[in-house]
Amino acid sequence: LEMAMSTVGAGSICDGKVLVQLTPKSAFFMRATPEAGAAPPSVPYPSKSSASGGSVADPFVLLRLEDKTIKLLTMTSATNTGQVVVRDLTTQLPEEIRGEVLWASLWKDLLVVLLPTQRGTVSVLQLHGGLGKPLTLREVFRSPHLGDVPPVLRSIVQTEEEDEDAKFNASLDYLRPITDVCATLPRSSVEVHLARQGDEKGAANVLSAELVDVDPDDEGPTLVLLVKGRPILFYRAMVARGPQGEKSSGAFPYSFSLVEHDFLGLVMDFDGAPYRPVSPLQDAVGRPSGAVCCAPHSGLPALWIGAKRNRFFIHPFPGKTYRGVAPLSAACVASGGFFSLLESDSGGTVAQVSSPATVEGLGSAGSFDLRQSIPCARLSIKKKPSWMATQGSEGLLGVAVSDMVVELNDVPAGPGMEEDPLSEDWSIIREAPVKVDAPPAMPRVHPRYELWIETSKELSKLGRYHFSFDNEEAVLSMSWVNLPGFPLSLAVGTGVNTGEDLTCRGRLMLFTIKDKEPGILPPVYQRSLRSPVTVVGQSGSNFIHAEGFKLYVEKWENSSFNKLALFDGSLCMTSMSNIKNFMLFGDLRKGVDFCQWKEEQSTGTRTIRRLSRSPPSMNMTVLACEFVIHQKSLGLVALDHKGNVHLYQYTPHSDGREGDQILRSCATFAMGAPCRSALRLQTEPGVQSLLMASGTGEVFCCRPIDDQAYRTITTLLGMLFTRLPFRCGLNPRAYRSDAQIHLLTPRKNIEDAVLLKSFAFLSQPLQNSIAEKMRLPLPALMRATVPYGSNVLG
């Protein structure tokens, strides 16, 4: 192979026996196996053509020339000499294809050509002959208006079964909204289509179109389309159906549907270097196993695409400097490795060999499954995980798991009178006023809890350090704490509830694996309490826990916890978050309390003062609460059991109705699923967002943005709600509205980025009409809104 010249394309010919390297002036060859003999000599291109790109599909070789024309060649091996024989078939191509084209590539026995007519037209031609026979081409698919980004692509090549009406309906696909492609087009849209017949403007915005096999079980190939000012576009193939629902047949019986995705970086023009937009990958037996798509410039992440059971998955590569990716099979990498080119900070190119990432502590089970909504590595633990707490700097993981067991009447719930530290407490009700001696008709089943602690390097051995809780004892809270004078520990709060007539008890325990041998892990500290421990945590150097509605702040001194302060909540605390000396508490029924921890060094007094609270007249069950930060603004977020996120703001010295003693309601937004946990993390300088995990397996993100961007997004989404049809007539804004009655009407300071990303995939005519109403240039509107609809946070 030639290493001193740029490579514009590569592939295999002669049934995989010869590898071909396409350079700008010549083709170079190498035997696939060293024992096959010397490499055939290089062959210059016919007519001294200069190639800027190429594509290989044995025996055909396609060259994209610098003058934006193409050459179609065949390369075969002469039986006597072993040299590669090149034949030029360009003159046998249709006249339309011999002229200027925007892009061309080969896929199996099909030639995919992107023409500049009708704002970008994709034409798929089937190749026959070419090896000692005249080349014949038959157009099997044609779809115009690719520059307008239609939500569906249907062929306008008329077959015997189709009529002119079907062809005309297919030509109107670029006017259909992606929110409901089956909606009836208004008469004005059809009139606009007829009036703009022959309009060629905008074809240059289409950069490339390539077909690729993603999964062997797919109905057809995936079309990858690059259009300037748009995200990378993916069209999934589906077998076209007739009027009665019957599947079409033929060489290319497909239609294509645009897939919305979450990675919305905008594609720009080519930068002049050799470029391959799609690199197909294969598994160990040679079947399609996804592909990698790269933008023609740096600044956008490369996207891995894959499919499983006709479900499409897209995941970004780390970084935004990938310029090209190719599959690699070598001893230095595991199965699925690849070779990549990255752009360095100095402007040069860096080569990199990569292998699939694994989780260090999971061993053979540590490989990531990419055919999931979020790439993940799974560890089967055979029990139901209920709570989890992590300590990132030390790599520690604590998991509370449960298993359903049959209740045994001879096993008491909680400690017996002899072992109970609170046996002399007369206020604890241990026996029900009415006893039923008859056994239940069916034995009762309840969860039995265990605690597992492990380091991140030994996750495959999760369960080595374990502790079994008492019968009927449930884990209610869990958090890692690092207190002065006390080893790094996992704090666990529990509750024991054996009936509505009996006192609900609880325990507070701290566990550590420092200097411990694997096995049963006894707590290094425990305390029996009259109430369930629903919250545990740390604020500064102080330990915090809640017993029902009472919150205690304690400090470890002289081998014991000394109480520093007490705060009375409303009904029962369910969650807590703190930032600096401010605390936010969630309640089972009464919303949130915003408090301040104050410590006077001169007098030695320590207090928790309530600054404000959510409206007491509005009953709200808070499952989790957290803060969000944007520069100097602080937002208070409460997640309720109905799947709503409530955004509040504290404004001292307000008019008294909202903002001072009552938190100012900024927004209420329905996410669709309840969230029990939230994680605050910094996504950019001065901005801390909120990640929320829902009970339906989704991950949400609440991201604060500046006022100007928010006003633009709100206006844009208002246009989308009023001007576009939606599937089944459902209105997204009405769905996202909280249905409960509020004392004061909540402001709408949260908007739906799920709908915002639909604007990035909306067809060009609909985008233009919305931009005109907003009096903003469309490119400026895209640049202002698209970053806030993308899943790439930092």
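Residues numbered from 1 in each chain as written. Predicted model: local features only at pLDDT ≥ 70, side-chain atom pairs only at ≥ 80, totals over all residues. Heavy atoms only, no water.

1. Remarks on the sheet that holds strand 7 (residues 70–77)
And step 1. Overall, antiparallel pairing links the four strands, which are arranged 5-6-7-8 in an open sheet. Of all the strands in the sheet, the pair left with one neighbour each is strand 5 (51–57) and strand 8 (84–88). Here the strands of the sheet are splayed against their neighbours by 25° on average, with no regard to which way each runs.
And step 2. In this structure, strand 6 (residues 60–65) lies alongside strand 7, joined through five bridges in antiparallel fashion. Within strand 7, the residue paired with Val61 across the bridge is Leu73. (Pairing = 2+ DSSP bridges. Helix = DSSP H or I, 4+ residues; strand = E, 2+ residues; numbered from the N terminus. Axes fitted to C-alpha atoms, helices over the stretch in contact; angles between N-to-C directions.)

2. Here's the deal with the state of the cysteines
And step 1. According to the stated counting rule, one finds zero disulfides in the structure shown.
And step 2. Left unpaired, Cys294 is separated from the closest cysteine sulfur, that of Cys293, by 7.6 Å.
And step 3. For the unlinked cysteine Cys675, the closest cysteine sulfur is that of Cys702, found at 11 Å. (Disulfide = S-S within 2.5 Å.)

3. Examining the side chain of His297
And step 1. In this fold, His297 is placed in the loop between strand 19 (288–293) and strand 20 (303–308).
And step 2. A relative accessible area of 7% places His297 in the buried class.
And step 3. Reaching out from His297, the side chain makes a polar contact with the backbone nitrogen of Met268 at a distance of 2.7 Å.
And step 4. Not counting residues up to four positions away in its chain, the partners in contact with His297 are Leu266, Val267, Met268, Asp269, Asp271 and Arg323. (Buried < 20%, exposed > 50% of the residue type's maximum accessible area, 1.4 Å probe, protein only. Polar contact = N/O pair within 3.5 Å; in protein donor to acceptor, adjacent residues only side chain to side chain. Contact = heavy atoms within 4.5 Å.)

4. Some points on helix 7 (residues 764–774)
And step 1. If you check which residues of helix 7 are buried, you get Gln764, Leu766, Gln767, Ile770, Ala771 and Met774. Buried residues of helix 7 fall within an arc of 160° about the axis and therefore sit on the same side. Exposed residues pointing more than 90 degrees away from the buried face of helix 7 are listed as Glu772 and Lys773.
And step 2. Summarising the contacts, the buried residues of helix 7 are in contact with helix 4 (707–723), helix 6 (753–760) and helix 8 (778–785). (Arc of directions from axis to C-beta.)

5. Structural notes on the environment of Leu233
And step 1. Along the polypeptide, Leu233 turns up in strand 16 (residues 233–239).
And step 2. According to the relative accessible area criterion, Leu233 is buried, its value standing at 0%.
And step 3. Sequence separation of Leu233 and Asp109 is 124 residues, and the distance between their C-alpha atoms is 24 Å.
And step 4. Those residues in contact with Leu233 that sit more than four places away from it in its chain are Val149, Leu223, Val224, Leu225, Val227, Leu258 and Phe761.

6. A few points about the nonpolar core
And step 1. Formed by 72 residues in total, the largest nonpolar core has its most connected members in Phe234, Tyr235, Phe252, Phe256, Ile305 and Phe759.
And step 2. Residue contributions to this core peak at six residues, all from helix 4.
And step 3. The residues contacting Ile305, other than those within four sequence positions of it, are Val212, Val214, Phe234, Gly290, Ala291, Cys293, Phe312, Phe313 and Ile314.
And step 4. The next biggest cluster of nonpolar side chains, apart from the first, holds 20 residues, and it includes Leu451, Ala474, Leu488 and Val492. (Core = buried A, V, L, I, M, F, W, Y, C linked by side-chain atoms within 4.5 Å.)

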